[in-house]
Amino acid sequence: MMADAAFYGQASWFQATARQRVAGLLDPNSFTEFLGPSERIRSPHLHLFDLPSAFDDGVVVGRGRLDGKDVLVAAQEGQFMGGTFGEVSGAKIVGLVRAARDHKNLPQTVLLLLDSGGVRLQEANAGELVVAELMRAIVQARSAGVAVIALVGGKSGAFGGAGLTAATCSRVVVSEQGRIAVSGPEVIETNKGVEEFDSSNKALVWSTDGGKNRRLIGGADAFAEDSMEGFRAAAITVLAKVPTFDLKTMQAEQERLSARQERFGACDDAVSMWRILGVKDPEAIRDMDSREFAALASATKEANHDAR
Amino acid sequence: MLTLKFRHTAKRRLAGKRVTAIIGVVASGNLEVLLERVLPGAECEVDIATPIIGYDETWKAVIDEFVERFAPGGLRISINDGGARPDTVFLRLMQGSALMEKV
């Protein structure tokens, strides 16, 4: 059920489809899909808007192996309806996480390949509900000892419900192109004014929402090069040390976020945050290559913590 | 939404054992093609759903040409279109049948 073999190794994660990412991330030929396209589990709403549906509703779920370890995987297709959470696309992810939570004979690792602008507006009520269900399912699964890892590096980023979802995961992996936020730049500008956030200033938007900033201020735990191999290596690394989800971790997370707010609350751009972090030449970060940046982030205190 | 259905008898049954394959994404200027080896002999069915109206003859020409050149006997091909151009449609059909021919 997978696509062309050209999408392995150094192929771009950002450019790839959800199916190509699953194939490139997991051990070769190890993936088995649940509710594949032949089952035609599609959105019951899109046709009412005269919009084309997809046979998988834009989400690929199944199980496979990562470096020999059994894993469950859900991948959002960011090119279909912006990778949005609809009734069906969302339920497929929720079902997968709940299955891991309830069945110890299933893999106790869930990889969420997020690539989503958030809730699908055409099915907004169902989409909002499903995001809430997903966050709850992730927290319950983590409490039951399941590791839930978010991988963010697609064209639609992880916004809205996908940003919230990433924040509830055990660990977050991001690439430079992977943007993580709740409200998107245009939404912030519309509601708070251009002085608050100028969505046409792409350098500002990418340096704020982009993967480098998220990694440096602790919003992501690993930085991946934009390739199949890059995400694979980063996922294997974070899986080696997943924090237990208990009161101590929650308190550490609360402390981490409070301290972060205190430290960076007055900053009006990412570069000023990087300066406070003690980065010697913060302006140089934007042009830094992935390897050099990953090393810098690993040596930065704020970026590394035992919380989440 | 416009739905089109084409039925053909191809020159032969498509080689390979693969039961199903999917290629492409429903996105602007793109389409997804689901191929399933479910029909007897050299029969071939193509089902298309597209939000773009008025191109029935173009679809027919592309599918006729594809069936003539690639002989996808035994396949049911289902397409969700996002407004793809004919060359993109033909490319996805070729990619799909190549996937089905792999062992």
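Residues numbered from 1 in each chain as written. Chains lettered and ligands numbered in written order. Predicted model: local features only at pLDDT ≥ 70, side-chain atom pairs only at ≥ 80, totals over all residues.

## Overview of the pairing of strand E6 (residues 171–175) of chain A
Residues and elements named next belong to chain A. For E6, the buried fraction is high: 5 of the 5 residues fall into the buried class. With 4 bridges joining them, strand E5 (residues 147–152) and E6 adopt parallel strand pairing. Residue pairing for E6: isoleucine 149 is matched across the bridge by arginine 171. Relative to strand E7 (residues 222–224), E6 is paired through 3 bridges, and the arrangement is parallel. Bridge pairing links valine 173 to alanine 222 in E7. (Buried ≥ 20, exposed ≤ 12 C-beta atoms within 10 Å, placed from the backbone. Helix = DSSP H or I, 4+ residues; strand = E, 2+ residues; numbered from the N terminus. Pairing = 2+ DSSP bridges.)

## Observations concerning the pairing of E5 of chain A
Residue and element names in this part refer to chain A. The element E5 is extensively covered by neighbouring structure, given that 6 of its 6 residues are classed as buried. The alternating pattern of E5 places Ala147, Ile149 and Leu151 on one face and Val148, Ala150 and Val152 on the opposite face, and all of these are buried. Here strand E4 (residues 109–114) pairs with E5 via 6 bridges, running parallel. Considered in E5, the bridge of leucine 114 is made with valine 152. This β-α-β element, E5 to helix H4 (residues 161–168) to E6, shows right-handed connectivity. (Right-handed = clockwise from strand over helix to strand, strands pointing away.)

## Points about the confidence of the model for chain A
Residues with a pLDDT of 70 or more make up 98% of chain A, whose mean pLDDT is 94. Considering only residues more than four positions removed or in separate chains, one finds that residues 1–5 of chain A, a stretch of pLDDT under 50, has 13 contacts. (pLDDT = per-residue confidence, 0-100. Contact = placed C-beta atoms within 7 Å.)

## Some words on the interface of chain B and chain A
Tallying the contact residues gives 16 residues for chain B and 15 residues for chain A. Those elements that place two or more of their residues in the side of chain B that touches chain A are strand E2 (20–23), strand E3 (31–37) and strand E5 (75–81) of chain B. Per element, the largest residue contribution to the side of chain B that touches chain A is 4 residues, and it comes from E2 of chain B. Here the side of chain B that touches chain A is built from residues that sort into 10 nonpolar, 3 polar and 3 charged. (Nonpolar A, V, L, I, M, F, W, Y, C, P; charged D, E, K, R; others polar.)

## Points about the nonpolar core
Formed by 75 residues in total, the largest nonpolar core has its most connected members in Val97, Leu112, Ile149, Leu151 and Val173 of chain A. Ranked by size, the runner-up nonpolar core spans 32 residues in total, among them Ile22, Val62, Ile79 and Leu93 of chain B. (Core = buried A, V, L, I, M, F, W, Y, C linked by C-beta atoms within 7 Å.)

## Digging into unusual backbone geometry
Residues and elements named next belong to chain A. Positive phi, close to 55 degrees, is recorded for arginine 40, a residue that is not glycine. Since 14 C-beta atoms lie within 10 Å of it, arginine 40 is described here as partly exposed. The backbone phi angle of methionine 81 is positive, close to 50 degrees, even though this residue is not glycine. Its place among the elements puts methionine 81 in the loop between strand E3 (69–76) and helix H2 (87–102).

## Things to note about the sheet that holds E5 of chain A
All names here are of chain A. On the basis of which strands lie adjacent, the open sheet formed by 7 strands has the order E1-E2-E3-E4-E5-E6-E7 and mixed pairing. At either margin of the open sheet sits one strand with a lone partner, and together these are strand E1 (32–34) and E7. When the angles between neighbouring strand axes are averaged without regard to direction, this sheet yields 25 degrees. (Axes fitted to C-alpha atoms, helices over the stretch in contact; angles between N-to-C directions.)

## A closer look at helix H2 (residues 86–101) of chain B
Residues and elements named next belong to chain B. For H2, spanning 16 residues, the distance from its first C-alpha to its last is 23 Å, which sits close to the expected 22 Å at 1.5 Å a residue. When H2 is considered as a whole, its buried residues turn out to be Val89, Arg92, Leu93, Gly96, Ser97, Leu99 and Met100. The buried residues of H2 occupy an angular sector of 155 degrees when the element is viewed end-on, so they sit on one face. Taken together, the buried residues of H2 touch E2, E3, helix H1 (56–70) and E5. (Expected span 1.5 Å × (residues − 1). Arc of directions from axis to C-beta.)

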